[in-house]
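Here is what each chain is made of, one letter per residue.
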Amino acid sequence: MRDAKRSQFPHFLPIATRWMDNDVYGHVNNVVYYSYFDTAVNQFLIERGVLDIHKGEVVGFVVDSGCAYFRSISFPDTVHAGIRVAKLGNSSVRYEIALFRNDDEQPCAAGHFVHVYVERASNRAVPIPAAVRGVLATLSGA
């Protein structure tokens, strides 16, 4: 996804970097990028009304993730996290996320993670609820 463009992502979340995100080398530490991924996807789901992190009976667990780094991000940059759905299965969804610095057209990093939907009480995989599936469909086919 090194060659990803902003136009390939149907949804963006701007995320302000924080002073504490920088490491001793003066750029955002690599583990913070995963936090940006989580924040972008979960904020999207919460805003669309299909994720209740406290009382939801069905939740998504991250079971796979990865990130490739291309350019540094540093405080006080604003990260624009673009998200799209690459694969929508029966009980899982694979998101692709690209992080763009400020107004850059090329991503600084790009990655993925996979949510498997589970019943909170049993931790057993279940089909993605219809309402969630409908919201996720708006992120595919970009």
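Each value, and the rule that gives it
- Residues numbered from 1 in each chain as written.
- Predicted model: local features only at pLDDT ≥ 70, side-chain atom pairs only at ≥ 80, totals over all residues.
- Heavy atoms only, no water.
- Helix = DSSP H or I, 4+ residues; strand = E, 2+ residues; numbered from the N terminus.
- Contact = heavy atoms within 4.5 Å.
- Areas by Shrake-Rupley, 256 points an atom, 1.4 Å probe, with all protein chains shown as cover.
- Lys, Arg positive; Asp, Glu negative; His and termini not counted.
- Charge placed at Lys NZ, Arg CZ, Asp CG, Glu CD.
- Buried < 20%, exposed > 50% of the residue type's maximum accessible area, 1.4 Å probe, protein only.
- Pairing = 2+ DSSP bridges.
- Phe/Tyr/Trp six-rings, centres within 6.5 Å; stacked < 30°, edge-to-face > 60°.
- Expected span 1.5 Å × (residues − 1).
- Polar contact = N/O pair within 3.5 Å; in protein donor to acceptor, adjacent residues only side chain to side chain.

## Quick notes on the overall build of the protein chain
Within the protein chain one finds 2 helices and 6 strands. Element order for the protein chain, N to C, with α for helix and β for strand: β-α-β-β-β-β-β-α. The C-alpha extent of the protein chain, read off along each of the three principal axes, is 45 × 30 × 25 Å. In the protein chain, 72% of the contacts between residues at least 6 apart in sequence involve partners at least 24 apart. Counting only carbon and sulfur atoms, one obtains 52% of the accessible surface of the protein chain, whose full area is about 7500 Å². For the protein chain, the centre of its 14 positive side-chain charges and the centre of its 14 negative side-chain charges are spaced 5 Å apart.

## Thoughts on the pairing of strand E4 (residues 92-101)
With 7 of 10 residues buried, E4 lies mostly within the body of the structure. Where strand E3 (residues 78-88) lies against E4, 9 bridges are found, and the strand directions are antiparallel. Its bridge partner lying in E4, Arg84 is registered against Glu96. Linkage of E3 to E4, two consecutive antiparallel strands, is achieved through a turn of 3 residues.

## What about the environment of Val63?
Along the polypeptide, Val63 turns up in strand E2 (residues 58-69). A C-alpha to C-alpha distance of 17 Å links Val63 and Ile53, two positions 10 residues apart in sequence.

## Structural notes on the packing of aromatic side chains
Within the structure shown, the criterion is met by 8 aromatic pairs. Geometrically, the ring pair formed by Trp19 and Phe75 is edge-to-face, given 5.8 Å between the ring centres and 85° between the ring planes. In this pair, Trp19 sits in the loop between strand E1 (11-16) and helix H1 (30-47) while Phe75 sits in the loop between E2 and E3, placing the two residues 56 residues apart along the sequence. Measuring from ring centre to ring centre gives 5.0 Å for Tyr33 and Tyr69, while their planes differ by 85°; the resulting arrangement is edge-to-face. A residue pair is termed long-range when its members are at least 10 positions apart, and Tyr33 in helix H1 and Tyr69 in strand E2 qualify at 36 residues. Using a relative accessible area of 35% as the deciding quantity, one classes Tyr69 as partly exposed. Among the aromatic residues, those joined into a cluster by ring pairs are Phe9, Phe12 and Phe100.

## Examining H1
The terminal C-alpha atoms of H1 lie 27 Å apart, and with 18 residues this matches the ideal 26 Å at 1.5 Å per residue to within 8%. Every buried residue of H1 is accounted for by Val32, Tyr33, Tyr36, Phe37, Ala40, Val41, Phe44 and Leu45. Summarising the contacts, the buried residues of H1 are in contact with E1, E2, E3, E4, strand E5 (109-119) and helix H2 (130-137). At the exit of H1 stands Gly49, carrying a positive phi of roughly 80°.

## A few points about the side chain of His80
The topology assignment puts His80 in strand E3. Polar side-chain contacts of His80 include one of 3.3 Å to the backbone oxygen of Asn102. The contact partners of His80, leaving out residues within four places of it in the chain, are Arg6, Phe12, Leu13, Pro14, Ala98, Leu99, Phe100 and Asn102.

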